Amino acid sequence: MKGYHLGELEELVLLIVGILDQEAYGVSVAEEIKSQTGRKVNISAIHTVLNRLEEKGFVRSHMGGATEERGGRRKRLFSLSASGRTAINEVKMMRNRLYDQLPPLALDFTNG
Amino acid sequence: MDKKRNHYPPRLADRFLEFYCLPDRLEQIQGDAYEIFYLDLEEKGLAFARFRFIFHVFSFFKWSNIGFSKFMYLKTNNTVMIRSYFKIGWRNILKQKGTTFISVFGLSCAVGCCIVAYLFIANIWFKGLNQPNKDEIYQLVYTSEEAEGLVTYGTVAEPVSELIPNTLNQVKNQTKVLYEFPLLIQDNESFFQRSIYADPSFMEMFKYRMEFGYPGALKEPDQVILTHQLSEKLFGDMHPLGQELSLVINGEEKLFKVGGVLEDLKDMDMFTFDLIVNFESHPHTITDIPLKDAWSKELWTFIQVEKGADIPRIESELERFTQIQNQVNPEKPYVDMGLIAYPDIIYNVGKIERGVRDFLGIGPQILLGTIGLFILLLAVFNYINLSILMASRRLKEIGVRKVIGSKRSQLVFQFLSENLLICFFAIFLGCLLAGFIFLPGFNEIASKNLQIDLFRDKNIWIFLGSMLLAITLITGLYPATYLSSFKPIGILKGNQKIGSKSVFTSVLLTFQFTLAIISMVAAIAFVQTNYINANRDWGYNSADKIIINVPESKDYVPLKNKLSALSSVVEVSGSQDYVGNWIREEEVEIGDEKYNVNFLDAESNYPELLDLELKQGRMFNPNLISDTQESLLVNQTFLDQLGLEFPLDQTVTIDSANYHVIGVVEDFHTTFFKNEIAPMAIRSSPDSVFNYLTLKMNPGSAEASMQSVKEIWHEIVPLGLFEGKLQTEVFEREIADVNGIAKLISFSATLSVTLALLGLFGLVSLNMTARIKDYCIRKVFGANVEDLSKKLVKRYLLIWGIAAVIGSVFSVIFISSFLDSFFAFHSGVGIIPLGFALFILLGVIITTVASQILKVIKANPSMILKSE
């Protein structure tokens, strides 16, 4: 399990970066989280998470895509790295494994 | 998209973000913040978007994002940048030596004048504030009910001082200070010297640096402490300690030894004195006088309180003295007693009677301050004009720097730093000028002892520092902001018009000319008045007369007899006061009306001896008893002001005695021309005793026989100061004063004209160099000299004309009142001073411009047009 530990927000952001594919940067990630989950996340928190993910090697980034709204400034575009995808898989698999071990619902009285 | 561009995120917050953010994160963060701003703007409106932007800026303010990048970046580069600013500035100075000389010379003259004015004013207001204990020292004062209301006195009853230790708490020390004017006799020479009689604790409360001896010398009743000046005057190069001198108060002579000499006080002490004497040595200190008499003697009393003492409490304890005083001396009750802090004494001048300081001399302060300000303004304007013109050669530099990306603030800063360099030189040279030329000259004129004391006087540093800052900013701010406001594209294309045609320059030049005119008019009018007054008829014949003082009445008759016997003396006459000095006033009654007139008591031959001119009636006849008892001579003003005609049909009553007016004399000047001629009555008194003797000498012998008169005088009055003088010299001091002021004003006028001229010269010559090609091309095409010079001269003549009108109006208004404050008799601002001033300025302008035109005439167009 070394290196694949992800926090809750980290996991969410990592997934969104994967979903947005080549278009993931601060604002678009925040927007996507909002539209997909209804959660409002502060832009500065997203920046922090993205930076941390990059440090861990789960995402890669490059500068590009200046628009007028940004006053001509470029975006830092993030994309999922191989280890990032592995991490997502790992997390998902672990979750499934754990889920499968859940006892049946209480309505099932077989276990008394 | 375009409509969004009408709004921008809050500038300040954006700046803040730029300020703190790490450079490699900035783009990303700022971009996102901007994007969100415009999203919010579309959805929720401007206010919300702005608020969110600010909120985001602060939420990004995290440790991982903070780099203070800009700050650190600037810091590392600043020293290099400033150094290169100064280097460029220095090169510019070297490149333009002429104009730099004009600026620096003008500014340093101005700084020199300002230093003198400052020292003069500071000398009055900061007097005594070098005392280390100044915050602990208080003067005791009392108020009492007088006819005109409550009056505060700076003196208190003498015994108060002895009661202080037992009555007041928190008081460390106290001293009595009595100011006296005794006759000092040393080595057969006698002088009146300002003396302070004080307790020995005086030297503990007030600290003086000693040149010789030690402050404790005052503890001995037979020792005195001299100032540096007095010691030098009495003993010269001799070692003063242990030397003997004697002081005479009311005829009592007392022998003292010199116990110490103070270092030069430089006129900066609160008390103006020549020597300090132990209080016990004062002849009036007799212990066994009645209590009431002791309490009615008053003198200055100072206390030194302990650190952090409760002043209101001490003031309430003073109540005790009020009670004692009112018991002992009920005719003169105190209403209240109080304390005045030592540094506040100066602010209470005029509010306190019999205080330590009773005179501020606002007039000379204003005069000097105005002169300093005039010269400073002239120099500053010169500098502004020249620096704008000079910068026109550097327009390309400005343009290139702007294109490369210099901010405007950086350019302003660069110009200011060059200014700072020039101003620093100016201040430095100004100090030298003031110290070695202006101050010695001024000290001689004003008989002062002002000095620049860079080591001990911290105020002068504050003054110089603020001068440096102020001049730098005033001279630099306008040119710097003006020059840095140009658009680079205009400069580099060569479209930028700059230079002497600007209205601003013309306004400054007009102002300079106006100042020059005003100062010239002042100087010329003053000198003219002086000249006229020097030749003014005094109303009597002042030649061949000696006036001597009679110190005591017992000496009068022997003096008169002895002097009459002198061969060169023609006639002797006594008088209570003498013509040429202040004369006492009396109230006269004519019918029911009362008037105050000058009243001169004299022997009956005095008017004739003085050669007063008789207008009507007759002089006194010494042989008529009625003439010596009930007759008056009056002057013409007496009749004019009182509305009378000679002969008078009624008698004049003075002090309930009736007098007949037997004659009228022409007006004559008893005091200097500063004062109007007052109505005057002369009474001849029989054989009484007078204060002064006037000797009429053989023609031409007055000056020569002064010595023998003095010897005779000293035979009869061994302990006294001979104050004999020639009648021709009675106004000597006033004339010296007025001449000093005339010198001062003439100097400042010369300086201001020189500065205005230099400024004009710089302006014209810079202008000329810039446009010499223009003129040469005109010349080639056949313009004659007349056309060329007309073009140049016209503008300056116009400025001269405007300045002449403004200057004349101001001069007439201000200079007249200025003259009024010095003379009751002056010619006013007439055609002579105005005409002269305008003419001189015109001449100066034309010469300056002509010298430049000559340059064009001499210039060979082919040479000039060929070069470059």
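What counts, and where the lines are drawn
Residues numbered from 1 in each chain as written. Chains lettered and ligands numbered in written order. Predicted model: local features only at pLDDT ≥ 70, side-chain atom pairs only at ≥ 80, totals over all residues. Heavy atoms only, no water. Helix = DSSP H or I, 4+ residues; strand = E, 2+ residues; numbered from the N terminus. Rg over C-alpha atoms; globule rule 2.2 N^0.38 Å. Buried < 20%, exposed > 50% of the residue type's maximum accessible area, 1.4 Å probe, protein only. Expected span 1.5 Å × (residues − 1). Contact = heavy atoms within 4.5 Å. Domains from an automatic or database assignment. Patch = residues over 30% accessible without salt bridge, like charges linked within 9 Å, V, L, I, M, F, W, Y side chains within 5 Å. Areas by Shrake-Rupley, 256 points an atom, 1.4 Å probe, with all protein chains shown as cover. Salt bridge = Lys/Arg side-chain N within 4 Å of Asp/Glu carboxyl O. Lys, Arg positive; Asp, Glu negative; His and termini not counted. Charge placed at Lys NZ, Arg CZ, Asp CG, Glu CD.

1. Section: the overall build of chain A
- Looking only at helices and strands, chain A has four helices and two strands in total.
- Start at the N end of chain A and walk to the C end: the helices and strands fall as α-α-α-β-β-α.
- For 112 residues, the compact-globule estimate of 2.2 N^0.38 gives 13 Å, and the C-alpha radius of gyration of chain A, at 18 Å, exceeds that figure by more than 25%.
- Taken along its principal axes, the extent of the C-alpha atoms in chain A is 65 × 30 × 20 Å.
- Per-residue burial over chain A gives 38% buried out of 112 residues.

2. Brief notes about helix α2 (residues 26–37) of chain A
- When the terminal C-alpha atoms of α2 of chain A are compared, their 16 Å separation across 12 residues agrees well with the 16 Å that a helix rising 1.5 Å per residue should span.
- Those residues of α2 of chain A that fall on the buried side of the exposure criterion are G26, V27, S28, V29, A30, E32 and I33 of chain A.
- On its buried side, α2 of chain A packs onto α1 (8–20) and α3 (43–56) of chain A together with α2 (23–44) of chain B.
- After α2 of chain A finishes, the residue G38 of chain A shows a positive phi value of roughly 80°.

3. Quick look at the domain arrangement of chain B
- Partitioning chain B into domains gives domain 1 (2–67), domain 2 (137–353), domain 3 (362–532 + 734–866) and domain 4 (545–731).
- Averaged C-alpha coordinates put domain 1 of chain B and domain 2 of chain B at centres separated by 73 Å.

4. With respect to a nonpolar patch on the surface
- Taken together, L798, I802, V805, I806, V809, F810, I813 and F814 of chain B make up a surface patch of nonpolar side chains, about 740 Å² in accessible area.
- Checked against the element boundaries, I806 of chain B lands in helix α24 (residues 785–820).

5. Let's talk about the environment of V49 of chain A
Residue and element names in this part refer to chain A.
- With respect to the element layout, V49 can be found in helix α3.
- Taking the C-alpha atoms as reference, V49 lies 16 Å from H62; in sequence the two are 13 residues apart.
- Ignoring sequence-local partners within four residues, the contact set of V49 consists of L9, E10 and V13.

6. What about a negative patch on the surface?
Residue and element names in this part refer to chain B.
- Taken together, the side chains of E145, E146, E148 and E353 define an acidic patch exposed on the protein surface.
- With respect to the element layout, E146 can be found in strand β1 (residues 137–146).
- Under the relative-accessibility criterion, E146 is labelled partly exposed at 31%.

7. Observations concerning the pattern of salt bridges
- Here the structure, examined in full by the defined rule, presents 23 salt bridges over all chains.
- Across the pair E136 of chain B and K307 of chain B runs a salt bridge, and its minimum N-O distance is 3.6 Å. Linking E136 of chain B in the loop between α5 (97–125) and β1 with K307 of chain B in the loop between β13 (298–305) and α10 (311–317), this pair joins segments that are 171 residues apart in sequence.
- Among the residues examined, E136 of chain B registers a relative accessible area of 12% and is labelled buried.
- A single network of salt bridges, built from pairs that share partners, joins E10, R52 and K56 of chain A.

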